[in-house]
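# Descriptive analysis of the structure
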Amino acid sequence: VNGVHDMGGMHGFGAVVREGHEPVFHTEWERRAFALTLAMGAWKRWNLDTSRFARERMPPVEYLAASYYERWLWGLEALLVERGFLIPEELARVRAGIAADRGSRVPLQEGALPVAAVPRLLRNRRAARRDDPVPARFEVGDRVVARNRHPTGHTRLPRYARGRRGVVARDHGVFVFPDTNALDQAEKPQHVYSVRFEARELWGPDACPRDAVYVDLWDDYLDSA
Amino acid sequence: MSARHDHGHRHVDDPSHPHNAPLSEVELRVRALESLLTDKGLVDPAALGELIDTYETRVGPRNGARVVARAWVDPAFRRRLLENATEAIAEMGFIGRQGEDMVVVENTPRVHNLVVCTLCSCYPWPVLGLPPVWYKSAPYRSRAVIDPRGVLREFGVDLPDDVEVRVWDSTAELRYLVLPERPPGTEGMTEDDLAALVTRDTMIGTARVAAPGT
């Protein structure tokens, strides 16, 4: 989607505001929203791309007004209903801040993340990389152009790079393809490259002639230039 | 802590919410969600506590600082780090979620690297912990790619024109760590003392490592 999450190159957001001695979490609800998202993700009813896409579907005015963990919370709530963990009426009560009836608690279900499994979950070394022997369409040094495409689903090809020419700087190997993976269609494993775009190619003649932006792009985002 | 998280108490280390303040809408909402998911047997409250504790107290930028210091004192490690960052960092025990596939980019007198995620907030958790708010903010995500020198100036890094700025947009599942330049005057320092000089921002690329005593 051409959403407001795709922020690279936008103007008007002002200076980067930093906080001295910033805590990891600012409030208790941020801790809980963070942990709930990871714990429910461990059910594997959705993948990382699905959850990114869920946050990207937040209405743009709300997205910009929301804090980081409010976006996480919004995405989690959407997925909980879409994947059948909650019915819409339950979510409506949650959003109204109405706590569940505590009389009806059931034991931890098979598939949930028990505390003993947390270290293994967090130390898992395998995520989106795949061993599929997919041939690379490009080699380091190849000139490429990012496709000018505007999918209404999920994509990791930022708008500022579309239609721009760059050079393959590094082949990272084979990874699942987010555009299809986010929709649970197929993993479609393929090579991901660091593509170097000169700052002037992206931003025009006012950009510094030495500078460059490296964008990690999948084979399906690129054509030979 | 196998007992259910006590929703009735307040955390004393939460300065934004003094005792007796009414709960905000989002606080009520998260509490309602947690209690519902717990009642349904979908989440283990003890697991939530463990997830929080891991990133609040055990994983953070001190890990990355140790990687940087090791690279400064051990040329063979530095080579491995730049060739295969994932494996070199794993040698030090820093592995896992949001660091499954690592890339380290090296600052030199001619090249300055800066890391961003314009599309969300991708960040190398095992070596840096969870990202600061500014890294996730619209100003940083929008400007780092189009105005990296302006952003760096706001952070106090003024780069001469003959230094090349390379911005790494974390659009895929690679996670980037900047290997900052070792400052002058640190020749005799131990690895531990060197690690103490390395701040989080130097590994994102928004700061340079200050020489000791400056």
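Refer to the structure above for everything that follows.
None of the values given here were measured: they were computed from a predicted structure.

## Description of the overall build of chain A
- From N to C terminus, chain A includes 8 helices and 5 strands.
- Along the first, second and third principal axes, the C-alpha atoms of chain A reach 65 × 45 × 35 Å.
- Within chain A, the proportion of its 225 residues that are buried is 51%.
- If you take every contact in chain A between residues at least 6 apart in sequence, the share linking residues at least 24 apart comes to 65%.
- Total accessible area computed for chain A in this model is approximately 10,600 Å², and 53% of it derives from carbon and sulfur atoms.
- Measuring between centres, the 34 positive side-chain charges of chain A sit 2 Å from its 31 negative side-chain charges.

## A word on empty space enclosed by the protein
- As enumerated under the stated definition, the model contains 4 cavities of 30 Å³ or more in all.
- Volume-wise, the second largest cavity comes out at about 50 Å³.
- In terms of lining, the second largest cavity is formed by Arg125 of chain A together with Thr86, Ile89, Phe94, Ile95, Gly96, Gly99, Glu100, Met102, Pro126 and Val127 of chain B.
- Only α5 (85–91) and α6 (125–128) of chain B provide two or more residues apiece to the lining of the second largest cavity.
- In terms of residue class, the lining of the second largest cavity is made up of 6 nonpolar, 3 polar and 2 charged.

## Quick notes on unusual backbone geometry
- Backbone geometry at Lys188 of chain A places phi at a positive 45°, although glycine is not the residue there.
- You can see Lys188 of chain A is positioned in the loop between α7 (178–181) and β3 (190–198).
- Despite not being glycine, Gln98 of chain B shows a phi value in the positive range, around 60°.
- Along the chain, Gln98 of chain B turns up in the loop between α5 and β1 (102–106).

## Focus: the packing of helix α3 (residues 61–73) of chain B against helix α4 (residues 75–83) of chain B
Residue and element names in this part refer to chain B.
- For the pair α3 and α4, interaxial distance at closest approach is 5 Å and the crossing angle is 125°. Regarding the angle of α3 to α4, the classification is oblique. The handedness of the crossing between α3 and α4 comes out as left-handed. Side by side, α3 and α4 meet where Val67, Arg70, Ala71 and Val73 of the first sit next to Pro75, Phe77, Arg78 and Leu81 of the second.
- The residue inventory of the contact of α3 with α4, partitioned by class, reads 6 nonpolar, no polar and 2 charged.

## Let's talk about helix α5 (residues 88–95) of chain A
Residue and element names in this part refer to chain A.
- All of the buried residues along α5 are Glu90, Leu91 and Val94. Taken down its axis, α5 places every buried residue within 100° of arc, on the same side.
- Phi for Gly97, located one or two positions after α5, is positive at around 80°.

## Here's the deal with the pattern of salt bridges
- Applying the stated rule across the entire model yields 33 salt bridges over all chains.
- The closest approach of N and O atoms between Glu56 of chain B and Arg31 of chain A, which form a salt bridge, is 3.0 Å. On the criterion of chain membership, the pair formed by Glu56 of chain B in helix α2 (residues 45–58) and Arg31 of chain A in helix α1 (residues 28–41) is interchain, its members lying in two chains.
- For Arg31 of chain A, a relative accessible area of 5% gives the class buried.
- A salt bridge links Arg143 of chain B to Asp147 of chain B; the nearest nitrogen and oxygen atoms lie 3.4 Å apart.
- Residue class for Arg143 of chain B comes out buried when judged on its relative accessible area of 12%.
- For Asp147 of chain B, a relative accessible area of 29% translates into the label partly exposed.

## Notes on the layout of surface pockets
- Roughly 1,000 Å³ of volume is contained in the largest pocket.
- Along the walls of the largest pocket sit 40 residues, with Asn47, Leu48 and Ser51 of chain A together with Arg97 and Gln98 of chain B positioned nearest its centre.
- Of all the secondary structure elements, the ones that give two or more residues to the lining of the largest pocket are α1, α2 (48–56), α4 (68–82) and α6 (118–122) of chain A.
- When residues of the lining of the largest pocket are assigned to their parent elements, the largest contribution, 6 residues, is made by α2 of chain A.
- When its residues are assigned to classes, the lining of the largest pocket shows 16 nonpolar, 9 polar and 15 charged.

## Overview of the interface of chain A and chain B
- Opposite the 95 residues of chain A that make contact, chain B presents 90 residues.
- For the chain A face of the interface with chain B, the top three residues by lost area are Val16, Arg32 and Arg125 of chain A, together amounting to 9%.
- Taken together, the links from chain A to chain B amount to 9 salt bridges.
- Salt-bridge contacts for Glu90 of chain A lead to Lys40 of chain B; the nearest nitrogen and oxygen are separated by 2.9 Å.
- Across the chain A-chain B interface, the total number found is 38 residue pairs in polar contact (both at pLDDT 80 or more).
- At the level of secondary structure, the elements contributing two or more residues to the side of chain A that touches chain B comprise α1, α2, α4, α5, α6, β2 (165–175), β3 and β4 (212–218) of chain A.
- If you tally residues by element for the side of chain A that touches chain B, the top one is α1 of chain A, at 11 residues.
- Grouping the amino acids of the side of chain A that touches chain B by side-chain chemistry returns 55 nonpolar, 14 polar and 26 charged.
- Note: β4 of chain A against strand β3 (residues 164–169) of chain B, 4 bridges, orientation parallel. Opposite Ala212 of chain A, over in β3 of chain B, you have Arg166 of chain B as the bridge partner.

Procedures and definitions
- Residues numbered from 1 in each chain as written.
- Chains lettered and ligands numbered in written order.
- Predicted model: local features only at pLDDT ≥ 70, side-chain atom pairs only at ≥ 80, totals over all residues.
- Heavy atoms only, no water.
- Helix = DSSP H or I, 4+ residues; strand = E, 2+ residues; numbered from the N terminus.
- Buried < 20%, exposed > 50% of the residue type's maximum accessible area, 1.4 Å probe, protein only.
- Contact = heavy atoms within 4.5 Å.
- Areas by Shrake-Rupley, 256 points an atom, 1.4 Å probe, with all protein chains shown as cover.
- Lys, Arg positive; Asp, Glu negative; His and termini not counted.
- Charge placed at Lys NZ, Arg CZ, Asp CG, Glu CD.
- 1 Å grid on protein atoms, 1.4 Å probe; cavity = no way out; pocket = protein on both sides within 12 Å on 5 of 7 lines; lining within 4 Å.
- Points joined across faces, edges and corners; volume = space filled by probe spheres on them.
- Nonpolar A, V, L, I, M, F, W, Y, C, P; charged D, E, K, R; others polar.
- Axes fitted to C-alpha atoms, helices over the stretch in contact; angles between N-to-C directions.
- Parallel < 35°, antiparallel > 145°, perpendicular 65-115°, else oblique.
- Left-handed = near helix turned anticlockwise from the far one by under 90°.
- Arc of directions from axis to C-beta.
- Salt bridge = Lys/Arg side-chain N within 4 Å of Asp/Glu carboxyl O.
- Buried area = accessible area lost by both parts, 1.4 Å probe.
- Polar contact = N/O pair within 3.5 Å; in protein donor to acceptor, adjacent residues only side chain to side chain.
- Pairing = 2+ DSSP bridges.

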